[in-house]
Amino acid sequence: MKKFLLLILILSLCIACSAKKEVEKAVNSGNYDQAINTALKTLRTNKDSKRKRDVVIMLQDAYYKAEDRDLNTIEHLKKDKNPELYREIYERYLNLNARQEAIKPILPLSVNGKNIPFSFNNYSNAIIESRKNLSDYLYEKGIELLESEDKSIIRQAYNTLDYLDRISPNYENTRGLLDEAHQRGTNYILVSINNETQQIIPTRLEDDLLNFDTYGLNKFWSVYHANKSNNVKYDYAMHLNLKRINISPERIKEREVLREKEIIDGWKYKLDTAGNVVKDSLGNDVKVDKVITVKCRLLETIQTKSSQVIADVVYLDLASNQPLDTFTIDSEFVFEHFFARSRGDKRALTKDDRILLDNRRVPFPSNEQMVYDTGEDLKLQLKDIINSYTIRR
C-alpha cells in the first residue's frame, strides 16, 4: 500500500512539473490563452498544493498580459476607424469576458497563505456597443453583396448574413435575406446517363442511379436534378458515361479435401502389459476412452460469376460548354456460392464443412441481374464523387 501511495505521489509530482513547464513555455512565447487553459486544467484539483504554487503565479502573469494585449489591440483598432475591424473588436471583447469567466470558478487562489489577486472588468456595455456596430456594418455589407449576380459573391453575402444572424438573431430581415442568398447562390446541376457500351442496361439500374433522394447528399450549395425543370436555370451538367460492361462466363470449380480426426468412440477396459484388466484401488475394472481415427472426403464446389462496369463522370460548365473535371469509376460485383458433398465418416468434418453440406447448387444470376448488382457499388462511388467534389466557380 505504501509503495502504491508513493507511486501516486511521484506521478502527481511529474504531472505538476510537466504542467509548470508547459505553462511557462506558453507564457514566454506569448501564447497567454494557452498558458491560462493549461494552468486552469492543472489547478482544478488540489489547487492549494505547494507544488502548484508556481502555476498559480504564472496564471496571474498570463492573465494580466493577455488582458493588456487585448485592450491595447482594441484601442488601436478603434483609432483606425475601419468598419472591417469591427468583428475583431467585438470578438476580443468576448475573449476578455470569457477569460474572466473561466478563471472565476477556481478563485480564491493563494500562495504561502497570501491571496493572489485577480481584478475583473465589466465588459457588458462594450460587448453590446461593439456588437451593434458590427451588426449594422454586416447588414449593410450583406445587402451590398447581394446586389451582385456572381454566385461566389452571393455566397459571401450568405456567410456575412449568417454570422450576423448568429450574433444578433432576427436582426432586421436577415432571415429573409439568408433565404434569398441561399437560393441565388446555389448551383443547379442536371444529371444524365449516357450508355456507350452497346449493351442494354437494366431500366431499374438507371432509375436507381438517378434517384438522388436515396444518396443522402449534404451539398448546401449544389442541387442535383435527374429530370429537367423548366423553372430552373441550370449552371452545370453531370454526365455519367457508361463506357464498358464486362461479364465473365459462369464458372464451376471443384476441389476435394480429405478430413481426418481422432474422436472418442465409446470405451474399453484398460489392460496391463500382460493383457489383464487393470483394477483401481477399490478393485473395480478401469475403463478408458476408445479413441479412433475417422476420415471423410469433402468435395467442395464453388460457383462464380463476375461483372464489371467502367464509367466516366464528367462535369460540364453549361455557360461555356467546357468540361470542368472528369472522374473514372471502375465498379465490380462478384457472385460466389459454395456447396459440398461428402463421402465417408461425417464426424471428421468441421463446423464450416457441415454448413456447406446443407447448401445446394443454385442458378447463376442473369447478366441483367449481375449488371444491376454491380450498379450498387457504382452508386456508392458516384455518391462519393458528388459529396467530395466542389464546383469552384
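Scroll up a little and you will see the structure.
The text that follows walks through the structure, step by step, so that each part is easy to find. What you see is a predicted model, and the numbers here were worked out from it, not measured in a lab.

**With respect to the overall build of the protein**
Piece 1. Helices and strands together make up the secondary structure of the protein, namely ten helices and eight strands.
Piece 2. Taking 2.2 N^0.38 as the reference for a compact globule, 393 residues should give roughly 21 Å; the C-alpha atoms of the protein span a radius of gyration of 38 Å, well beyond that estimate.
Piece 3. Considering only C-alpha atoms, the protein reaches an extent of 110 × 80 × 35 Å along its principal axes.
Piece 4. A buried classification covers 37% of the 393 residues belonging to the protein.
Piece 5. For the protein, long-range pairs separated by at least 24 residues make up 73% of all intrachain contacts whose partners lie at least 6 apart in sequence.

**With respect to a negative patch on the surface**
Piece 1. A cluster of acidic residues, Glu140, Glu144, Glu147 and Glu172, forms a negative patch on the protein surface.
Piece 2. Within the secondary structure layout, glutamate 147 lies in the loop between α5 (124-146) and α6 (151-167).
Piece 3. Overall, the relative accessible area of 62% leaves glutamate 147 in the exposed class.

**So, a nonpolar patch on the surface**
Piece 1. Residues Trp267, Tyr269, Leu271 and Val277 make up a contiguous nonpolar surface patch of roughly 380 Å² in combined accessible area.
Piece 2. Counting through the fold element by element, tryptophan 267 comes out in strand β6 (residues 251-269).
Piece 3. By relative accessible area, tryptophan 267 is classed as partly exposed at 45%.

**Remarks on unusual backbone geometry**
Piece 1. With an omega dihedral of 0°, the bond running from leucine 107 to proline 108 counts as a cis peptide bond.
Piece 2. Along the polypeptide, proline 108 turns up in the loop between α4 (86-103) and β1 (110-111).
Piece 3. Positive phi values are uncommon outside glycine, yet lysine 81 reaches one of about 55°.
Piece 4. Structurally, lysine 81 can be placed in the loop between α3 (53-80) and α4.
Piece 5. Residue classification places lysine 81 among the exposed residues on the basis of a relative accessible area of 70%.
Piece 6. Phi at asparagine 321 takes a positive value of approximately 60°, unusual for a residue other than glycine.

**Quick look at the pattern of salt bridges**
Piece 1. Going through the model one piece at a time under the given rule, you end up with 24 salt bridges.
Piece 2. With a shortest N-O distance of 3.8 Å, lysine 79 and glutamate 75 are connected by a salt bridge. In this pair, lysine 79 and glutamate 75 both sit in helix α3, four residues apart, roughly one turn of the helix.
Piece 3. Residue classification places lysine 79 among the exposed positions, given a relative accessible area of 61%.
Piece 4. Here the salt bridges do not stand alone but share partners, grouping Asp33, Asp70, Glu88, Arg92 and Arg99 into one network.

**Remarks on the side chain of threonine 374**
Piece 1. Tracing the chain through its elements places threonine 374 in helix α10 (residues 367-388).
Piece 2. A relative accessible area of 0% places threonine 374 in the buried class.
Piece 3. Not counting residues within four places of it along the chain, the set of residues in contact with threonine 374 comprises Ser307, Gln308, Val309, Ser331, Glu332 and Phe333.

**Some thoughts on the environment of glutamine 381**
Piece 1. Relative to the helices and strands, glutamine 381 resides in helix α10.
Piece 2. A residue is classified by how much of its surface remains accessible, and glutamine 381, at 23% relative accessible area, is partly exposed.
Piece 3. Between the C-alpha atoms of glutamine 381 and aspartate 208, which are 173 residues apart in sequence, the distance is 13 Å.

**Details of the packing of aromatic side chains**
Aromatic ring pairs are reported here in terms of the distance separating the ring centres and the angle at which the planes meet.
Piece 1. Across all of its chains, the model carries 15 aromatic pairs by this definition.
Piece 2. Each ring, one from tyrosine 158 and one from phenylalanine 220, has its centre 5.2 Å from the other, and the planes form 55°; the classification is tilted. Of this pair, tyrosine 158 sits in helix α6 while phenylalanine 220 sits in the loop between α8 (203-209) and β4 (222-225), and the two are 62 residues apart along the sequence.
Piece 3. One aromatic cluster is present, formed by Tyr63, Tyr64, Phe118 and Phe120 through successive ring pairs.
Piece 4. Over the ring of tyrosine 163 we find arginine 87, and its NZ or CZ is 3.6 Å from the ring centre.
Piece 5. Over the ring of tryptophan 267 we find lysine 287; its NZ or CZ atom is 4.1 Å from the centre of that ring.

**Focus: the packing of helix α2 (residues 32-43) against α4**
Piece 1. Where α2 contacts α4, the axes come no closer than 11 Å and their chain directions differ by 20°. Accordingly, the angle class assigned to the pair α2 and α4 is roughly parallel. In the packing of α2 onto α4, the handedness of the crossing is left-handed. Where α2 abuts α4, its residues Asp33, Ile36 and Leu40 lie against Arg99, Ala102 and Ile103.
Piece 2. In the contact of α2 with α4, the residues fall into four nonpolar, no polar and two charged.

**A word on the nonpolar core**
Piece 1. Residues Met238 and Tyr315 are the most contacted members of the largest nonpolar core, which totals 28 residues.
Piece 2. Listed by contribution, the elements that provide at least two residues to this core are β3 (187-195), α8, β5 (236-247), β7 (287-317), β8 (322-344) and α10.
Piece 3. The element that contributes the greatest number of residues to this core is α10, accounting for six residues.
Piece 4. Beyond its immediate stretch of four places on either side in the chain, methionine 238 contacts Ile189, Leu190, Val191, Ser192, Tyr224, Val313, Val314, Tyr315, Leu382 and Ile386.

Thresholds applied
Residues numbered from 1 in each chain as written. Predicted model: local features only at pLDDT ≥ 70, side-chain atom pairs only at ≥ 80, totals over all residues. Heavy atoms only, no water. Helix = DSSP H or I, 4+ residues; strand = E, 2+ residues; numbered from the N terminus. Rg over C-alpha atoms; globule rule 2.2 N^0.38 Å. Buried < 20%, exposed > 50% of the residue type's maximum accessible area, 1.4 Å probe, protein only. Contact = heavy atoms within 4.5 Å. Patch = residues over 30% accessible without salt bridge, like charges linked within 9 Å, V, L, I, M, F, W, Y side chains within 5 Å. Areas by Shrake-Rupley, 256 points an atom, 1.4 Å probe, with all protein chains shown as cover. Salt bridge = Lys/Arg side-chain N within 4 Å of Asp/Glu carboxyl O. Lys, Arg positive; Asp, Glu negative; His and termini not counted. Charge placed at Lys NZ, Arg CZ, Asp CG, Glu CD. Phe/Tyr/Trp six-rings, centres within 6.5 Å; stacked < 30°, edge-to-face > 60°. Lys NZ or Arg CZ within 6 Å of the ring centre and 35° of its normal. Axes fitted to C-alpha atoms, helices over the stretch in contact; angles between N-to-C directions. Parallel < 35°, antiparallel > 145°, perpendicular 65-115°, else oblique. Left-handed = near helix turned anticlockwise from the far one by under 90°. Nonpolar A, V, L, I, M, F, W, Y, C, P; charged D, E, K, R; others polar. Core = buried A, V, L, I, M, F, W, Y, C linked by side-chain atoms within 4.5 Å.

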